[in-house]
Amino acid sequence: MLLLLLPTVARSQTATPDSSDVSKLAPAARSLWLPRAEEGSIFREDRWQHASLSASLVMGASAAGASDGAAAGSVVALGILKEYLDSRRGSGASRLDLVTDVVGVGLGLLIVRITR
C-alpha cells in the first residue's frame, strides 16, 4: 500500500515542500490532461456513454430545429466544457473522452441525415 502512495507523495512534495496535506496538492501537481497511461481503453464503458450521449444530443437538437452545424458545435463545446471541469476537479481531462464525443457527434449527424 505504501508503495502505491510514494509517487503521489513525491510529486506533491516537490510542488510545495513545506505542505503536509497531500490531498490538497494532488490536483495542482497534475496538468490539464490525464497522462496517457491513465487514459484507459478506448472501449471502456465510459467512452460508450460519451459517444451515445453526444449522438443523442445532436439528434435531439436537430429534431428541435437546430442546424446540423449548430447542433454539432454545441455538443462538442459541451464535451470540452465537461473535460475542463474534470480537470478543475482534479481528475484530469481525457483526450479519449473528447475523441468519443466527436465520434458520437458524427454518428448523430449520420443518423439525422439518413432519417431525413
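Coordinates for the structure precede this section.
What counts and what doesn't
Residues numbered from 1 in each chain as written. Predicted model: local features only at pLDDT ≥ 70, side-chain atom pairs only at ≥ 80, totals over all residues. Heavy atoms only, no water. Salt bridge = Lys/Arg side-chain N within 4 Å of Asp/Glu carboxyl O. Helix = DSSP H or I, 4+ residues; strand = E, 2+ residues; numbered from the N terminus. Buried < 20%, exposed > 50% of the residue type's maximum accessible area, 1.4 Å probe, protein only. Patch = residues over 30% accessible without salt bridge, like charges linked within 9 Å, V, L, I, M, F, W, Y side chains within 5 Å. Areas by Shrake-Rupley, 256 points an atom, 1.4 Å probe, with all protein chains shown as cover. Expected span 1.5 Å × (residues − 1). Arc of directions from axis to C-beta. Core = buried A, V, L, I, M, F, W, Y, C linked by side-chain atoms within 4.5 Å. Contact = heavy atoms within 4.5 Å.

### Observations regarding the pattern of salt bridges
Two side chains of opposite charge can pair, provided their charged atoms sit close to one another.
Turning to step 1, where the next piece is worked out: Following the criterion strictly, the structure yields 9 salt bridges and no others.
Turning to step 2, where the next piece is worked out: Of the charged contacts, one joins Arg-95 and Glu-39 as a salt bridge, the two residues approaching to 3.5 Å between their closest N and O atoms. Of the two residues, Arg-95 is situated in helix α5 (residues 95–115) and Glu-39 in the loop between α2 (22–29) and α3 (45–63); the sequence distance between them amounts to 56 residues.
Turning to step 3, where the next piece is worked out: The exposure class of Glu-39 is buried, given its relative accessible area of 4%.
Turning to step 4, where the next piece is worked out: Across the pair Asp-68 and Arg-116 runs a salt bridge whose closest N-O atoms are separated by 2.6 Å. Linking Asp-68 in helix α4 (residues 68–89) with Arg-116 in the segment after α5, this pair joins segments that are 48 residues apart in sequence.
Turning to step 5, where the next piece is worked out: When its relative accessible area of 14% is taken as the criterion, Asp-68 is described as buried.
Turning to step 6, where the next piece is worked out: When its relative accessible area of 62% is taken as the criterion, Arg-116 is described as exposed.

### Details of a nonpolar patch on the surface
Turning to step 1, where the next piece is worked out: On the surface, a nonpolar cluster with roughly 720 Å² of combined accessible area is contributed by Leu-32, Trp-33, Leu-53, Leu-57, Leu-78, Leu-81, Tyr-84 and Leu-85.
Turning to step 2, where the next piece is worked out: Of all the elements in the fold, those that place two or more residues in the nonpolar patch are α3 and α4.
Turning to step 3, where the next piece is worked out: If you tally residues by element for the nonpolar patch, the top one is α4, at 4 residues.
Turning to step 4, where the next piece is worked out: Mapped onto the fold, Trp-33 is located in the loop between α2 and α3.
Turning to step 5, where the next piece is worked out: In this structure Trp-33 comes out as partly exposed when scored by relative accessible area, which is 30%.

### Some remarks on α3
Turning to step 1, where the next piece is worked out: Between its first and last C-alpha atoms α3 spans 27 Å; for 19 residues at 1.5 Å apiece the expected length is 27 Å, and the two agree.
Turning to step 2, where the next piece is worked out: The complete set of buried residues in α3 reads Arg-47, His-50, Ala-51, Ser-54, Ala-55, Val-58 and Ser-62. Burial along α3 is one-sided: seen end-on, the buried residues are contained in an arc of 120°. Relative to its buried face, α3 has exposed residues pointing more than 90 degrees away, namely Glu-45, Trp-48, Leu-53 and Ala-63.

### Side note on the nonpolar core
Turning to step 1, where the next piece is worked out: Within the largest apolar cluster, 6 residues are counted, these being Val-58, Ala-71, Ala-72, Val-75, Val-105 and Leu-109.
Turning to step 2, where the next piece is worked out: Elements supplying a minimum of two residues to this core: α4 and α5.
Turning to step 3, where the next piece is worked out: Residue contacts for Leu-109: discarding those within four places in its chain leaves Val-58, Asp-68 and Ala-72.

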